[in-house]
Amino acid sequence: MRSTAKKNGGKGSVAAGVVALAGNGNGARQAEADGAEVVSVDAMRARIERHLVSTLARHAGSATARDWWVATVLALRDTIHERLIRTQGVHNARNVRRVYYMSLEYLMGRMFGNNLLATGLLGTARDALAALGQDFDLVRESEVDMGLGNGGLGRLAACFMDSLATLDYPALGYGIYYEFGLFRQAFRNGHQEEHPDSWTLFGDPWEVVRPEYTQQVRLYGRVENVFDDRGNYRPSWVDTRTVLGVPHDIPIAGYGTGTVNLLRLWASKATEDFDLAAFNSGGYVEAVREKAVGETISKVLYPNDKTENGKELRLVQQYFFVACSLRDILRRHRRNSANSWDNFADKVAVQLNDTHPAIAVSELMRILIDEESMDWERAWAITTRTFAYTNHTLLPEALEKWGVPLFERVLPRHLQIIYEINERLMQVVELRWPGDNAKKRICSLIEENGGKSVRMANLAVVGSHAVNGVAELHTALLKRTLFPEFDALYPGKFRNKTNGITPRRWLLKCNPRLASLITARLGDGWARDLDQLRGLERFAGDRAFREEFMTVKRANKADLATVIAAECGVKVSPDALFDVQIKRLHEYKRQHLNLLHILALYRRLLQHPDLDIVPRVFLFAAKAAPGYDLAKNIIRAINLIGQRINADARINGKLKVVFLPNYRVSLAERIIPAADLSEQISTAGKEASGTGNMKLSLNGALTIGTLDGANVEIQEEVGPENIFIFGLTVDEVEALRAGGYNPWDYYHRDEELRAVIDWLGSDFFSPGEHGAFAALHGSLLRGGDPYMLLADFRAYCECQRRVDAAYRDRDAWARMAIINTARMGKFSSDRTIREYAQDIWRLDPVPVP
Ligand code: 26Q
């Protein structure tokens, strides 16, 4: 192993991790030999025992698997905290420029395996637990996912935190310490049921609470118009209510490096005066009971992945977390006496993850003007130099807007500032397009139709020096369709930063078999430099390697089959084609197009029982927003149709349909390594990027997809011969819509399509229950089929036929799968983060010895 590492110039701890994951070798000796963390198995064992007794007050004889897990986390944390202190010491001593990532969501998943790999202590911990008589795999299953996000945007934030630390960038992530993360999903009679996710119920051993950095946040109240003794307007925000924000810090360890950054999550707490002043009419006990109001702010993550307009608590959450974070940034900046406002924007870069934290633009302006008495121009220059904004959606209905009356009640002073920003913006628009009121209406931060509302995207665009989309196609559409006026007004402000995923979690950790196979051929450098996977192309032509690659896939599929049997009670064959669609449930993602194809196959099989098709397992996993009835209806349809198909002996098990409940990061880690086919079938122009597409392809699944989001760039990398592309392009979608799209045309013209839609609309799959899928059925015809499933149906079926044909030639399939893995280098989040650092943040790495 040592020689492999040397030969490839990789970092030693990487090698230790891979070998240990594969289950052989002595991790500690390895790590020591490679110059990484020097913790012997005996020392690790002693640490675990010490934490078990002194921290958990447990006798080894009565300790549960969870106790062992907590004790091992604490033992590992000893190392991580030392590195954290060293990292922060270096950053502070050198007064480095930092990036602050502001996101309402972080989908971290489990931290244990990731941190063991990062520190090179996986083998050591495994051996230490074995020496203590514990089953490592059982112990690690005790960890509950940290599910503080909805989907792609939240997981992107988690991948970015990993890359920032791994690449030694000084960075801090700010977010909310939700007591309840994304709901737990269960199925009852095919219906989605939501249950609370109380992930902190028994405490979280990764976090450190920092009461000394508690921040006060003011809300509500009114603005008093005051003039100072020189006649200057000095507005004063009074009669506010105050809540406290208490930071909970989670360490983020870089992989194979000394850097440990922080994820700082704010929990809200009531102050004494918050409620005693406002609610004391009911007496002492009532007042204390009412304190709970201040604590609800960080109670729960909104389970929507598009805007739910007008929810006061959501606005309060956004402001609460932004206000805490900006104050914390300021406190840290002021700690160093060399710092002042003059160099603030030289030391601080803030990235806004979508518009959710966009209120930060007006909050920094408020601080500078009201609290620091700065003039407008200087305050505005500092503000716009500080912020940059990432856009994740083009869907107009998903753009954030806040009604002015609500905004004024919660944040009256901020509304004034937004009006002032807007007035100056309107002057700029007037200069550029004199007399053009239409342009003013489009650019305005205030939308006026009926009532007034604040457009958060416009605020984020004007308040930032850079705005980026998340894939090339998405950025082009952002400029062409969503913000053409701003693009004209601020040339060069809009840029592309194609998303990426961390190869540590999405290959090294989740797919140890494939990781070991790759490391055996290429050495271990790929986990920090994913472009090295190109070296696999050489082996795509090697029959023995292709067989090994498929053996790995087969073993991963067998593992997943066990999970499916346990979770769904369905028996599936690892020799079938595993056709996977895993993502949030949305009409635009078109899980129901997949379903229409399943119905078509099922019908063909019933009509021609000897039809020769490749046996397939259709795998779904997805959560629907609790208030999104149509999405829930699609889940129900997949569940009930699946039950019927799975139970139908006539089709000889050629089709299985499985909906795995409670999709989350740790479940994705089991599904992705076992996938043969990756479904990325959104209506062209709707999916900003997608990141699951990258994870699946990296693990050797072939993509069936539309030319949407990052699929376009995946095709560029793997080549058109190694991907299955079908359907309307963005331009064709636009043209068809402009010409008056009518789904009935397709319905009448295509006999099979008509048959499956009618079948879906019948009670065949819901005996005794009339109209179970009426909502879904109605959306496709009477509802006008807004996502154009009918237009793409035939092309999709044809493309699936090509998939079927390709899968029969296992060897050719293996070659394509290997090439997919080999060419995913571009989609490492390390590449994405380097681009942000160079083009947007102007940030340099700071190695930590
Ligand atoms: C906003 C206001 C109120 C309540 C909820 C929200 C909200 C929450 C989450 C709105 C949107 C989201 C999440 C969006 C999201 O995950 N978008 C995805 O981002 C990925 C990373 O860039 C892309 O790959 C996906 O294409 C995009 O859909």
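Residues numbered from 1 in each chain as written. Predicted model: local features only at pLDDT ≥ 70, side-chain atom pairs only at ≥ 80, totals over all residues. Heavy atoms only, no water.

### Concerning the overall build of the protein chain
A tally of helices and strands in the protein chain yields 38 helices and 25 strands. Against the globule reference of 29 Å for 849 residues, the protein chain gives a C-alpha radius of gyration of 28 Å, in line with a compact fold. Its C-alpha atoms give the protein chain principal-axis dimensions of roughly 90 × 70 × 55 Å. Across the 849 residues that make up the protein chain, the buried fraction comes to 62%. Across the protein chain, the fraction of contacts at a sequence separation of at least 24, relative to all contacts at a separation of at least 6, is 77%. For the protein chain, the exposed area adds up to about 30600 Å²; of that, 50% sits on carbon and sulfur atoms. Mean positive and mean negative side-chain charge positions of the protein chain (107 and 105 charges, respectively) differ by 2 Å. (Helix = DSSP H or I, 4+ residues; strand = E, 2+ residues; numbered from the N terminus. Rg over C-alpha atoms; globule rule 2.2 N^0.38 Å. Buried < 20%, exposed > 50% of the residue type's maximum accessible area, 1.4 Å probe, protein only. Contact = heavy atoms within 4.5 Å. Areas by Shrake-Rupley, 256 points an atom, 1.4 Å probe, with all protein chains shown as cover. Lys, Arg positive; Asp, Glu negative; His and termini not counted. Charge placed at Lys NZ, Arg CZ, Asp CG, Glu CD.)

### Focus: the sheet that holds strand E16 (residues 446-449)
Spatial strand order, E15-E17-E16: 3 strands in an open sheet with antiparallel pairing. Of all the strands in the sheet, the pair left with one neighbour each is strand E15 (401-403) and E16. In this sheet, adjacent strand axes meet at a mean angle of 30° when their direction is disregarded. Looking at chain direction, E16 and strand E17 (residues 451-455) are connected through 4 bridges and run antiparallel. What sits directly across from Ile-446, in E17, is Val-454. (Pairing = 2+ DSSP bridges. Axes fitted to C-alpha atoms, helices over the stretch in contact; angles between N-to-C directions.)

### Topic: the site of the ligand
Neighbouring residues of the ligand: 19 residues in total, closest Leu-153, His-392, Asn-499, Glu-687 and Gly-690. Take Leu-153: an N or O atom from its main chain is 2.9 Å from an oxygen atom of the ligand. Contacts to the ligand include Ala-688, whose backbone N or O atom sits 3.3 Å from an oxygen atom. Compared with its free state, where it exposes 610 Å², the ligand has 94% of that area covered by protein. Per-element accounting of the shell around the ligand gives the leading share, 3 residues, to helix H9 (residues 152-166). Taken together, the residues that form the shell around the ligand break down as 5 nonpolar, 8 polar and 6 charged. (Near = heavy atom within 4 Å. Polar contact = N/O pair within 3.5 Å; in protein donor to acceptor, adjacent residues only side chain to side chain. Nonpolar A, V, L, I, M, F, W, Y, C, P; charged D, E, K, R; others polar.)

### Description of the packing of aromatic side chains
According to the stated counting rule, one finds 25 aromatic pairs in the structure shown. With 6.2 Å between their ring centres and 10° between their planes, Phe-486 and Tyr-490 make a pair best called stacked. On the basis of an interplanar angle of 50° and a centroid distance of 5.3 Å, the ring pair of Trp-759 and Phe-764 is categorised as tilted. Assessed through its relative accessible area of 14%, Trp-759 is described here as buried. Taking relative accessible area as the criterion, Phe-764 reaches 28% and is therefore assigned partly exposed. By way of ring pairs, the aromatic residues Tyr-101, Phe-160, Tyr-836 and Trp-841 are connected into one cluster. Over the face of the ring belonging to Phe-578 we find Lys-557, whose NZ or CZ atom lies 4.9 Å from the ring centre. (Phe/Tyr/Trp six-rings, centres within 6.5 Å; stacked < 30°, edge-to-face > 60°. Lys NZ or Arg CZ within 6 Å of the ring centre and 35° of its normal.)

### Side note on the confidence of the model for the protein chain
Close inspection of predicted coordinates is inappropriate in any region flagged by low pLDDT. Averaged over every residue, the pLDDT of the protein chain is 94; the share at 70 or more is 94%. Per-residue pLDDT stays below 50 along residues 1-35; that stretch engages in 67 contacts with residues further than four places along the chain or on separate chains. (pLDDT = per-residue confidence, 0-100.)

### Observations concerning a nonpolar patch on the surface
On the surface, a nonpolar cluster with roughly 330 Å² of combined accessible area is contributed by Tyr-284, Val-285 and Val-288. Counting through the fold element by element, Tyr-284 comes out in helix H11 (residues 283-290). (Patch = residues over 30% accessible without salt bridge, like charges linked within 9 Å, V, L, I, M, F, W, Y side chains within 5 Å. Salt bridge = Lys/Arg side-chain N within 4 Å of Asp/Glu carboxyl O.)

### Quick notes on the sheet that holds strand E21 (residues 616-621)
Picture the strands of a sheet paired through backbone hydrogen bonds; they go either parallel or antiparallel. Within the open sheet, the 6 strands sit side by side as E22-E21-E20-E23-E24-E25. Their pairing is parallel. A single partner strand is all that each edge strand has here, and the edge strands are strand E22 (655-659) and strand E25 (724-725). The pairing of E21 with E22 spans 5 bridges and is parallel. Residue pairing for E22: Phe-618 is matched across the bridge by Val-657.

### Digging into the packing of helix H4 (residues 41-55) against helix H5 (residues 65-93)
At a closest axis distance of 8 Å, the pairing of H4 and H5 adopts a crossing angle of 120°. As for the relative orientation of H4 and H5, their crossing is right-handed in sense. Contact residues: Met-44, Arg-47, Ile-48, Arg-50, His-51, Leu-52 and Thr-55 in H4; Asp-67, Trp-68, Ala-71, Thr-72, Leu-74, Ala-75, Asp-78 and Thr-79 in H5. The residue makeup of the contact of H4 with H5, split by class, is 7 nonpolar, 4 polar and 4 charged. (Left-handed = near helix turned anticlockwise from the far one by under 90°.)

### Examining helix H24 (residues 512-522)
Buried within H24 we find Leu-514, Ala-515, Ser-516, Leu-517, Ile-518, Thr-519 and Leu-522. Backbone geometry just after H24 places Gly-523 at a positive phi near 80°.

### Notes on the nonpolar core
One finds Met-102, Phe-407, Leu-790, Trp-813 and Trp-841 to be the most contacted residues of the largest nonpolar core, which totals 281 residues. Apart from the residues lying within four places of it in its own chain, the contact partners of Met-102 are Tyr-174, Phe-321, Val-322, Ser-325, Leu-326, Ile-329, Val-350, Gln-351, Leu-352, Asn-353, Pro-357 and Ala-360. (Core = buried A, V, L, I, M, F, W, Y, C linked by side-chain atoms within 4.5 Å.)

### Re the pattern of salt bridges
Considering all chains together, one arrives at 60 salt bridges under this definition. As a salt-bridge pair, Arg-480 and Glu-734 come within 3.0 Å of each other at their nearest N and O atoms. Remark: Glu-734 occurs in helix H32 (residues 730-738) and Arg-480 occurs in helix H21 (residues 472-482); sequence separation between them is 254 residues. Given the relative accessible area of 46%, Arg-480 is considered partly exposed.

### Some points on unusual backbone geometry
The phi dihedral of Asp-785 falls on the positive side, at around 50°, and the residue is not glycine. Considering the arrangement of structural elements, one finds Asp-785 in the loop between helix H35 (774-780) and helix H36 (789-808). Assessed through its relative accessible area of 1%, Asp-785 is described here as buried. The phi dihedral of Arg-842 falls on the positive side, at around 50°, and the residue is not glycine. Take Arg-842: it is sitting in the segment after helix H38 (829-841).

### Observations regarding the side chain of Asn-639
By the secondary structure assignment, Asn-639 is in helix H28 (residues 629-647). In contact with Asn-639, not counting residues within four places along its chain, are Phe-187, Gly-190 and Phe-659.

### As for the pairing of strand E2 (residues 106-109)
Side-chain alternation along E2 places Tyr-106 and Met-108 on one buried face and Leu-107 and Gly-109 on a second face that is also buried. Sheet topology note: the E2/strand E3 (residues 146-148) ladder contains 3 bridges and is antiparallel. Residue pairing in the sheet places Leu-107 in a bridge with Gly-147 of E3.

### With respect to the side chain of Arg-264
Topologically, Arg-264 is positioned in strand E12 (residues 260-270). A relative accessible area of 3% places Arg-264 in the buried class. A polar atom in the side chain of Arg-264 sits 2.8 Å from the side chain of Asp-249. Not counting residues up to four positions away in its chain, the partners in contact with Arg-264 are Leu-172, Gly-173, Tyr-174, Gly-175, Arg-210, Tyr-213, Pro-247, His-248, Asp-249, Asp-328, Arg-331 and Arg-332.

### A closer look at the state of the cysteines
For the structure on display, the rule yields 0 disulfides. We note that Cys-510 lacks a disulfide partner, and the nearest cysteine sulfur, in Cys-159, lies 11 Å from it. Judged by its relative accessible area of 9%, Cys-510 falls in the buried class. (Disulfide = S-S within 2.5 Å.)

### Some points on helix H37 (residues 810-822)
Helix length check: H37, at 13 residues, gives a terminal C-alpha distance of 18 Å against a target of 18 Å (1.5 Å per residue), a fit within 8%. Residues of H37 that are buried include every one of Trp-813, Ala-814, Met-816, Ala-817, Ile-818, Ile-819, Asn-820, Thr-821 and Ala-822, and no others. (Expected span 1.5 Å × (residues − 1).)

### So, the pairing of strand E24 (residues 702-705)
Neither face of E24 is exposed, since Leu-702 and Ile-704 on one face and Thr-703 and Gly-705 on the opposite face are all buried. For strand E23 (residues 677-680) and E24, the ladder comprises 4 bridges, and the chain directions are parallel. Residue pairing in the sheet places Glu-679 in a bridge with Ile-704 of E24. A crossover links E23 with its parallel partner E24, the connecting element being helix H30 (residues 692-698), and its sense is right-handed. (Right-handed = clockwise from strand over helix to strand, strands pointing away.)

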